[in-house]
Amino acid sequence: MPQYRLRILALIVLALLIGCSDDSVEPLSSCCDGFPFADSADVLMENFARAYGELDAVEYRDMIDSRYRFYDVESANHNAVTEIRIIEAMFSGNPPTNPAPGSTAAGIRSVEVVRCSLLEPWVEVSESHPDFGGVAGARRGFFDTHMKFLHDSGNITVNTHQFFYAVPVTVVADGVSKTEWKMLGQEDVELKAGNEDMSWSGLKFLFRP
């Protein structure tokens, strides 16, 4: 075969190899800088803490299951719709919807996540649970939470234990069926007598619609 034909054949093969390179294949994750896919309850809680730290209401909304419940220490419990509205208001930078009498608290400017740590292993939710007993795969984790909500007049400190509920759901991500963990609920634990910090219930009430 003439030399020039060999060169042309080599160029064609090279072009085909470049065209079939892995660089042309989209990765499963749509954005390498986004929140990690919550393939476990632990990753879900890492995303929960990060959403607070970054005041990211969009990511927080996406991690909430439609069956979500927040259990208030005053029995003023609320559902997923109210929870999302609270977070959107809290992360907006606007003043509280329900400010305490005489309060000078302005809108939340930033959140310092000091700690959000699992104290005890995740356990299956009891079948006797009034809301989540019949939810397949539901788990409950006991956490130590400590966050500082900074505003123009100072800060609000939430430093208390909490129960968080998580559930695995099937989702389609980038055309692939996967199991993703969603936030099923949060159960506030009443503060000890003499504790000057604010409870999660008190914080969420400030921004409750």
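Residues numbered from 1 in each chain as written. Predicted model: local features only at pLDDT ≥ 70, side-chain atom pairs only at ≥ 80, totals over all residues. Heavy atoms only, no water.

### Focus on the overall build of the protein chain
Along the backbone of the protein chain there are 5 helices and 6 strands. Counting helices and strands in the order they occur from the N terminus, the protein chain gives α-α-α-β-β-α-β-β-β-β-α. Counting across all 209 residues of the protein chain, residues that qualify as buried make up 38%. If you take every contact in the protein chain between residues at least 6 apart in sequence, the share linking residues at least 24 apart comes to 63%. Accessible surface, the protein chain as shown: approximately 11,900 Å² in total, 52% of it carbon and sulfur. (Helix = DSSP H or I, 4+ residues; strand = E, 2+ residues; numbered from the N terminus. Buried < 20%, exposed > 50% of the residue type's maximum accessible area, 1.4 Å probe, protein only. Contact = heavy atoms within 4.5 Å. Areas by Shrake-Rupley, 256 points an atom, 1.4 Å probe, with all protein chains shown as cover.)

### Some details on the sheet that holds strand 2 (residues 78-79)
On the basis of which strands lie adjacent, the open sheet formed by 6 strands has the order 2-1-6-5-4-3 and mixed pairing. A single partner strand is all that each edge strand has here, and the edge strands are strand 2 and strand 3 (108-124). Summarising the sheet, strand 3 and strand 4 (residues 139-151) pair through 12 bridges and their orientation is antiparallel. Bridge pairing in strand 4 places Arg 115 opposite His 146. (Pairing = 2+ DSSP bridges.)

### Concerning the packing of aromatic side chains
All told, the structure shown has 15 aromatic pairs when counted by the stated rule. An aromatic cluster is defined as three or more aromatic residues linked by ring pairs; in this entry it consists of Phe 48, Tyr 52, Tyr 60, Phe 91, Trp 122, Phe 143, Phe 149, Phe 164 and Trp 200. Cation over ring: Arg 140 sits above Phe 163, and NZ or CZ is 4.1 Å from the ring centre. One Lys or Arg, Lys 178, reaches over the ring of Phe 37 and ends 4.9 Å from the middle of that ring. (Phe/Tyr/Trp six-rings, centres within 6.5 Å; stacked < 30°, edge-to-face > 60°. Lys NZ or Arg CZ within 6 Å of the ring centre and 35° of its normal.)

### Section: the nonpolar core
Counting residues in each nonpolar core, the largest one holds 36 residues, and the members touching the most others are Phe 48, Tyr 52, Tyr 60, Met 90, Phe 149 and Trp 200. Of all the elements in the fold, those that place two or more residues in this core are helix 2 (41-53), strand 1 (64-71), helix 4 (80-90), strand 3, strand 4, strand 5 (154-173), strand 6 (176-188) and helix 5 (200-206). The contact partners of Tyr 60, leaving out residues within four places of it in the chain, are Phe 48, Ala 51, Tyr 52, Tyr 68, Glu 83, Ile 87 and Lys 204. Val 125, Tyr 165, Val 167 and Val 169 belong to the second largest nonpolar core, which has 11 residues in total. (Core = buried A, V, L, I, M, F, W, Y, C linked by side-chain atoms within 4.5 Å.)

### Regarding unusual backbone geometry
The phi dihedral of Leu 55 falls on the positive side, at around 50°, and the residue is not glycine. As for its placement among the helices and strands, Leu 55 is situated in the loop between helix 2 and helix 3 (57-62). In the Ramachandran plot, Ser 75 falls in the positive-phi region, its phi being about 65° despite a non-glycine side chain. With respect to the element layout, Ser 75 can be found in the loop between strand 1 and strand 2.

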